[in-house]
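# Examination of the molecular architecture
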Amino acid sequence: MKNTSVYISTIALLGLFAGGSITILFIIVPFWHSLTPNELMLWFNHYGARVGITMLPMQIIPFILSIYAYISVRKRNEDGKGLWLWVNVSNIIILIMLLAYFLPINFQFVNQTMNPNEVPSELIRWEIIHIARTILTVLSAILAIIAYFKLVRNSIYINMKPSNIL
């Protein structure tokens, strides 16, 4: 079985991104809800770039690795290629969410260009879309784990077959 380190690294980084998304969902978002609109935008102004710089590599690196994993598994026609495909579909949707929604809205928060009256409803929308992103990140990590163990199981099975040498 080739590329074991790629598969394990991809799973670890997908898990790290899922963990970061869960942390944001259950710790940071409730804190944001406790802030006034101006305080929220001020928080984003101070910390938004740091969160982005932390989370962006956790999204992009496993995405690139999952593409490589899928291509590798597909090229060798190994088990789990369908699961790796779904990992990539999930990651593409997550990337689209980032580009189409999170970056523009987060920049409005960071630059404090959003009307403060719109902040509470936008924060609710942000949370709902983040819940979807979190579900997809967890799903992506789980699918990658299943794909890896399917590959490992079949690799062990193939290596354990008795030879037909008499």
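The structure displayed is predicted, hence computed values, not measured ones.

Looking now at the overall build of the protein chain. Tallying secondary structure elements over the protein chain gives four helices and zero strands in all. Helices and strands appear in the protein chain in the N-to-C order α-α-α-α. Counting only contacts in the protein chain whose residues sit at least 6 apart along the sequence, the fraction spanning at least 24 positions is 80%. As displayed, the protein chain has an accessible area near 9,600 Å², and 69% of this comes from carbon and sulfur atoms.

Packing of helix α2 (residues 37-75) against helix α3 (residues 81-111) leaves a shortest axis separation of 10 Å and a crossing angle of 160°. Here α2 lies roughly antiparallel to α3, going by the angle between them. Judged by the twist between their axes, the crossing of α2 over α3 is left-handed. Residues that form the contact of α2 with α3 fall into these classes: 20 nonpolar, eight polar and two charged.

The subject of this paragraph is the packing of aromatic side chains. For the structure on display, the rule yields eleven aromatic pairs. An angle of 75° between the planes, with centres 5.5 Å apart, marks the rings of tryptophan 43 and phenylalanine 44 as edge-to-face. For phenylalanine 44, a relative accessible area of 3% translates into the label buried. An angle of 45° between the planes, with centres 5.3 Å apart, marks the rings of tryptophan 43 and tyrosine 47 as tilted. With tryptophan 43 and tyrosine 47 both in helix α2, this residue pair falls four residues apart, about one helical turn. On the basis of relative accessible area, tryptophan 43 is assigned to the buried category, the value being 15%. Ring pairing ties together the aromatic residues Trp32, Trp43, Phe44, Tyr47, Tyr101, Phe102, Phe109 and Trp126, which thus form one cluster. Of note, arginine 133 hangs over the ring of phenylalanine 102, and the distance from its end group to the ring centre comes to 3.7 Å.

A separate point is the environment of glutamine 112. Topologically, glutamine 112 is positioned in the loop between α3 and α4 (119-160). Judged by relative accessible area, which is 38%, glutamine 112 ranks as partly exposed. When neighbours within four sequence positions are excluded, glutamine 112 is seen to be in contact with Met41, Leu42 and Asn45.

Mapped onto the fold, arginine 133 is located in helix α4. Of the side chains with opposite charge, glutamate 127 comes closest to the buried, unpaired arginine 133, at an N-O distance of 12 Å. Side chain to side chain, arginine 133 and histidine 130 meet in a polar contact 2.9 Å long. Filtering out sequence-adjacent residues up to four positions away, arginine 133 remains in contact with Phe17, Ile94, Met97, Phe102 and Trp126.

This paragraph deals with unusual backbone geometry. Glycine aside, a negative phi is what most residues show, and trans is what most peptide bonds show. Non-glycine residue asparagine 77 carries a positive phi angle of around 55°. In this structure, asparagine 77 sits in the loop between α2 and α3.

In this section: the pattern of salt bridges. This model, assessed by the stated rule, comprises two salt bridges. Arginine 76 is the partner of glutamate 78 in a salt bridge, and the nearest nitrogen-oxygen pair spans 3.2 Å. Between glutamate 122 and arginine 125 there is a salt bridge; the shortest N-O distance is 3.1 Å. Taken together, the residues glutamate 122 and arginine 125, both in helix α4 and three residues apart, mark about one turn of the helix. Among the residues examined, glutamate 122 registers a relative accessible area of 9% and is labelled buried. Exposure remark for arginine 125: the relative accessible area of 42% places this residue in the partly exposed category.

About the cut-offs
- Residues numbered from 1 in each chain as written.
- Predicted model: local features only at pLDDT ≥ 70, side-chain atom pairs only at ≥ 80, totals over all residues.
- Heavy atoms only, no water.
- Helix = DSSP H or I, 4+ residues; strand = E, 2+ residues; numbered from the N terminus.
- Contact = heavy atoms within 4.5 Å.
- Areas by Shrake-Rupley, 256 points an atom, 1.4 Å probe, with all protein chains shown as cover.
- Axes fitted to C-alpha atoms, helices over the stretch in contact; angles between N-to-C directions.
- Parallel < 35°, antiparallel > 145°, perpendicular 65-115°, else oblique.
- Left-handed = near helix turned anticlockwise from the far one by under 90°.
- Nonpolar A, V, L, I, M, F, W, Y, C, P; charged D, E, K, R; others polar.
- Phe/Tyr/Trp six-rings, centres within 6.5 Å; stacked < 30°, edge-to-face > 60°.
- Buried < 20%, exposed > 50% of the residue type's maximum accessible area, 1.4 Å probe, protein only.
- Lys NZ or Arg CZ within 6 Å of the ring centre and 35° of its normal.
- Lys, Arg positive; Asp, Glu negative; His and termini not counted.
- Salt bridge = Lys/Arg side-chain N within 4 Å of Asp/Glu carboxyl O.
- Polar contact = N/O pair within 3.5 Å; in protein donor to acceptor, adjacent residues only side chain to side chain.

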